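Residue strings, one per chain:
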Amino acid sequence: MTYASRLDLDTALRAAVLPILQSRLSDTLDLQAQVKQAHWNLRGPAFIALHDLFDRIAADIALAADDTAERIVALGGYADGRPFRTARDTSLPGWPERVQAQGAVLDALAASISAHGRGLRDAIDSTTQIGDAGTADLFTGQSRQTDKQLWLVEAHLSGMKAE
Ligand SMILES: [Fe+2]
């Protein structure tokens, strides 16, 4: 169901892209909440560096969520960022209960950022196939940003083996 618009992208294309955008929105909002959990509850010797890093990452993710939601509406859809919808639809690993130690927080965050990155890459492929270069470009920028966030988080983890 799309709103009437003078947008020249045809209705069938928009109907195919909108659920992909909504899925990415749910994951992005979940990730934003997870990064804030990390920002608030973290404990460890690198507290202040990670506390500040996580807040910068959360702010970037909030902007990405806003872009995704607004793309949904620009395509004539309805952006659903309600917490219940996010909780129901997210494909990210669940944030562990009461995790605080910095190593465990970094591991959990890296797993979620990685899952989000995989979702974005899949979404780039599917929206490219559908023929929506604008949405594919949006996801491409977010994918690059997510890869960088994963690096910033994983750089604090020692002992990861190269493959
Ligand atoms: Fe804060």
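For the protein, the name recorded in an unreviewed UniProt entry is DNA starvation/stationary phase protection protein Dps, with Fertoeibacter niger as its organism. Here is the UniProt Sequence similarities (unreviewed entry) comment for the protein, exactly as written: "Belongs to the Dps family."

A. Structural detail: the nonpolar core. If you look at the biggest cluster of nonpolar residues, it comprises 23 residues, and the most contacted ones within it are V35, F54, W95, V105, L109 and V153. Leave out the neighbours within four places in its chain, and W95 touches Q34, Q37, A38, V105, A108 and L109. One finds L18, I20, I72 and L75 within the second-largest nonpolar core, a separate group that totals 15 residues.

B. Spotlight on the side chain of D132. Within the secondary structure layout, D132 lies in the loop between α4 (102-130) and α5 (133-154). For D132, a relative accessible area of 2% corresponds to the buried category. Here G134 takes part through its backbone nitrogen, which lies 3.2 Å from a polar atom of the side chain of D132.

C. Main features of helix α2 (residues 47-74). Spanning 28 residues, α2 covers 40 Å between terminal C-alpha atoms, matching the ideal 40 Å at 1.5 Å per step. Among the residues of α2, those classed as buried are L50, H51, L53, F54, I57, A58, I61, A64, A65, T68, A69 and I72. Close packing links the buried residues of α2 with α1 (11-41), α4 and α5.

D. Looking closely at the environment of L75. Among the secondary structure elements, L75 is positioned in the loop between α2 and α3 (83-89). As a C-alpha pair, L75 and L120 span 45 residues in sequence and 18 Å in three-dimensional space. Here L75 is in contact with T2, L7, L9, R14, V17, L18, L21, D132 and T135, once residues within four sequence places are set aside.

E. Spatial organisation of the packing of α2 against α4. Contact geometry of α2 with α4 gives a least axis separation of 12 Å together with a crossing angle of 25°. Overall, the two elements α2 and α4 adopt an arrangement that is roughly parallel. Crossing geometry of α2 relative to α4 is assigned as left-handed. On α4, the residues touching F47, L50 and F54 of α2 are Q102, V105, L106 and L109. Here the residues of the contact of α2 with α4 are counted per class, giving six nonpolar, one polar and no charged.

F. Looking closely at the packing of α1 against α4. Taken N-terminus to C-terminus, the directions of α1 and α4 make an angle of 165°; their axes are 10 Å apart at the nearest point. Comparing the axis directions of α1 and α4 gives the class roughly antiparallel. Relative to α4, α1 is oriented so that their crossing is left-handed. Taken together, the residues of α4 that come into contact with α1 (itself represented by L13, A16, V17, I20, R24, D27, T28, L31, Q34, V35 and A38) are V105, L109, S112, I113, H116, G119, L120, A123, S126, T127 and I130. By residue class, the composition of the contact of α1 with α4 is 13 nonpolar, seven polar and two charged.

Cut-off values and rules
Residues numbered from 1 in each chain as written. Predicted model: local features only at pLDDT ≥ 70, side-chain atom pairs only at ≥ 80, totals over all residues. Heavy atoms only, no water. UniProt positions renumbered as here; feature names shortened; annotations may be inferred. Core = buried A, V, L, I, M, F, W, Y, C linked by side-chain atoms within 4.5 Å. Buried < 20%, exposed > 50% of the residue type's maximum accessible area, 1.4 Å probe, protein only. Contact = heavy atoms within 4.5 Å. Helix = DSSP H or I, 4+ residues; strand = E, 2+ residues; numbered from the N terminus. Polar contact = N/O pair within 3.5 Å; in protein donor to acceptor, adjacent residues only side chain to side chain. Expected span 1.5 Å × (residues − 1). Axes fitted to C-alpha atoms, helices over the stretch in contact; angles between N-to-C directions. Parallel < 35°, antiparallel > 145°, perpendicular 65-115°, else oblique. Left-handed = near helix turned anticlockwise from the far one by under 90°. Nonpolar A, V, L, I, M, F, W, Y, C, P; charged D, E, K, R; others polar.

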